[in-house]
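Geometric and topological summary
Listed here are the chains, written in short residue letters.
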Amino acid sequence: MALADLCPCGYLINEALYTHAILTSFDKVGDAYSLIDANPRALIDWQVSNWTTNATTKTSTTEALLPKENIVNNVWVEEGMLHLKQDGYDSAVGGSVKVSEIKTRRSDILYGSFRARFRVRETPGSSGGSCVGFFFFDTDVAEIDIEILTKETTNSKIHYSQQPTYNFTTDVFNQRSSKTVAMDLPWSEMQEHRFDWIPYEPTIFYQEKAPVAKVSVNTPETPGTIMLNIWADGGQWSGPPSSADTFMDIAYIYLYFNTSDSHYGEDVGWIKQCEKAKSTAENGGVCVVEGKREINVPGAASGRRWEGAGRWGFVSAVVVVVLGWAVFAGGGI
C-alpha cells in the first residue's frame with residue numbers, strides 16, 4: 001500500500017503537519033551492485049549524481065581545488081544498506097577525485113523533518129580525508145548541512161551549518177551560522193542524524209533523536225532537494241582526499257516535508273486526497289510520527305499513532321497545522 005493511502009492527510013511531528021514523505025529503508029531493497037539493476041519502485045524517489053567539477057586555481061575569492069567526478073557505480077546496495085564510496089586518491093598520479101552522491105528526484109521540498117541513519121568507514125592506515133554530508137540544497141546561499149570530516153583526529157565531531165558560513169571577499173567566518181558538536185557515539189557507529197527545518201524558527205539538529213544544536217541565521221526560504229554525499233577536493237574544508245577508499249553506509253532515509261505548493265495550501269491534489277479519505281480513514285487520515293498534539297474534535301474519528309518501524313498505537317483525533325494553515329482531521333479544511 002502506498003504511503004499516501006496510509007496517511008492521506010499527512011504526518012504529524014509535534015506542532016507541524018507535513019503533507020509528503022519519502023521513507024526509504026534499504027533493508028527492503030535487494031542487493032544491487034549497479035542501481036540500474038535495483039528495484040525501481042524501492043528507489044524511485046532517488047537519483048545518483050554524475051556531475052563533475054574542474055580544478056580551480058587560487059584567487060582572491062577562490063581556493064585551489066582538485067577536480068571531482070561523481071561515479072555512478074560508487075553507489076550500490078548490499079546487505080541491507082546503501083553504500084556511497086570515495087575512491088582512494090593517489091596524489092602522485094593526480095586527476096579527479098572519484099566521489100559519489102544521491103539526491104531526491106523532487107526539487108520542491110520546502111520545510112520538513114529529515115532523518116538518515118548512517119555510519120562512516122575509513123580504510124585502516126589511510127591518510128587524508130573525506131567530507132560526508134547529509135543536507136538540504138537549493139543554492140550555495142540556501143543550504144542546510146550536516147557534515148563529518150574524517151581528517152579530524154577524533155571521530156567524535158560533527159558540523160552543523162546554514163550556508164554561507166564564510167565570506168571569501170572579507171576572509172571572515174560567520175560564527176553564528178555554524179556549530180561544531182561533540183558526538184555521544186563516534187561517527188564510525190551507525191546512528192540517526194536529523195535536522196528539522198521550520199519557517200521563522202531556528203533549524204534544530206539531532207543525534208539519535210536528541211536535539212543537540214540550533215542555527216538561526218541563513219535559514220533557507222526556498223524549495224530544493226535533499227542530498228547525501230561523500231567527497232574531497234583538497235580544499236580547506238575537506239583537506240587532501242583520503243589515500244584509500246572511504247565509505248558512507250546508510251540504513252535508511254526518512255523525509256517528512258511540505259512542498260512549495262502544499263506549504264502555501266495550493267496542492268489541490270493533496271487537498272482532494274485528504275478530503276476524500278479523512279471521513280473514512282481509521283486514523284483520520286493523519287499519521288502521528290511523534291509528539292502529543294492530540295485534541296478532541298467534535299465528530300472526528302479517533303485514529304492510530306504511527307510510532308515508526310512499522311508500529312502503530314492509538315491516538316485521539318487531532319487538530320494540526322500545516323505551517324500556517326489549519327487542517328482538521330475529521331473536520332473540514
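Located above this text is the structure these notes cover.
Keep in mind that this is a model prediction, so the values were computed, not measured. Counting of residues starts from 1 at the beginning of each chain's written sequence and follows it residue by residue. Restriction of local features to residues with pLDDT of at least 70 applies here, the model being predicted, together with a cutoff of 80 or more for giving and counting side-chain atom pairs; totals for whole chains, interfaces and linings are based on all residues. Note: side-chain values were computed over all heavy atoms of the structure, leaving out hydrogens and water.

1. Details of the state of the cysteines
When two cysteine sulfur atoms are found within 2.5 Å, that pair is recorded as a disulfide. The final tally for this structure, using the stated rule, is two disulfides. Disulfide pairing is shown between Cys7 and Cys287; the S-S distance is 2.0 Å. Between Cys7 and Cys287, the S-S torsion sits near -85 degrees, and that sign places the bridge as left-handed. Of this pair, Cys7 sits in the loop between α1 (3-6) and β1 (11-13) while Cys287 sits in strand β22 (residues 287-290); the two residues are 280 residues apart in sequence, bridging distant segments of the chain. Exposure categories follow from relative accessible area, calculated using a 1.4 Å probe and restricted to protein chains: below 20% of the type maximum is buried, above 50% is exposed, and the middle band is partly exposed. Under the relative-accessibility criterion, Cys287 is labelled buried at 0%. Note that Cys9 is cross-linked by a disulfide to Cys274, the S-S spacing being 2.0 Å. Here the S-S torsion is close to 105 degrees, and the disulfide linking Cys9 with Cys274 is therefore right-handed. With a gap of 265 residues between them, Cys9 in the loop between α1 and β1 and Cys274 in helix α2 (residues 268-278) connect regions that are remote in the sequence. Secondary structure follows DSSP: runs of H or I at least 4 residues long count as helices, runs of E at least 2 residues long count as strands, and numbering of each begins at the N terminus.

2. A few points about the packing of aromatic side chains
Any two aromatic rings considered together are summarised by their centre-to-centre distance and by the angle between their planes. For Phe, Tyr and Trp, where Trp contributes only its six-membered ring, two rings pair if their centres lie within 6.5 Å, and the inter-plane angle classes them as stacked under 30 degrees, edge-to-face over 60, or tilted in between. For the coordinates displayed, the defined rule picks out nine aromatic pairs. Taken together, a centroid distance of 5.0 Å and an interplanar angle of 35 degrees make the contact between Phe114 and Phe195 tilted. Within this pair, whereas Phe114 is found in strand β10 (residues 109-122), its partner Phe195 is found in strand β17 (residues 191-197), the two being separated by 81 residues in sequence. Ring pairs connect the aromatic residues Phe114, Phe134, Tyr160, Phe195 and Phe205, which therefore count as one cluster. Counting as a charge over the ring demands two things of the Lys NZ or Arg CZ atom: a distance within 6 Å of the ring centre and an angle within 35 degrees of the ring normal. Above the face of the Phe247 ring, Arg121 is positioned so that its terminal group lies 4.3 Å from the ring centre.

3. With respect to the pattern of salt bridges
The rule for a salt bridge is simple: a side-chain nitrogen of Lys or Arg has to be within 4 Å of a carboxyl oxygen of Asp or Glu. For the structure on display, the rule yields 11 salt bridges. The closest approach of N and O atoms between Lys85 and Asp245, which form a salt bridge, is 4.0 Å. With Lys85 in strand β8 (residues 81-86) and Asp245 in the loop between β20 (225-231) and β21 (246-259), the pair connects residues that are 160 residues apart, well separated along the chain. The salt bridge partner of Arg119 is Asp249, with a shortest N-O separation of 2.9 Å. Remark: Asp249 occurs in strand β21 and Arg119 occurs in strand β10; sequence separation between them is 130 residues. Via salt bridges that share partners, Arg115, Arg194, Asp196 and Glu290 belong to a single interconnected network.

4. Points about unusual backbone geometry
Going from Gln163 to Pro164, the amide bond is cis rather than trans, its omega being 5 degrees. Along the polypeptide, Pro164 turns up in the loop between β13 (157-163) and β14 (166-167). Unusually for a residue other than glycine, Asn14 sits at a positive phi of about 55 degrees. On the secondary structure map, Asn14 appears in the loop between β1 and β2 (16-18). Even without being a glycine, Tyr200 presents a positive backbone phi close to 65 degrees.

5. Regarding α2
Here α2 has its buried residues at Trp270, Ile271, Cys274, Ala277 and Lys278. End-on, the buried residues of α2 take up no more than an arc of 145 degrees, which puts them together on one face. Residues of α2 that are exposed and angled more than 90 degrees away from the buried face: Lys272 and Lys276. The arc in question is traced by the directions running from the helix axis to the C-beta atoms.

Read these as spatial facts, not as claims about activity.
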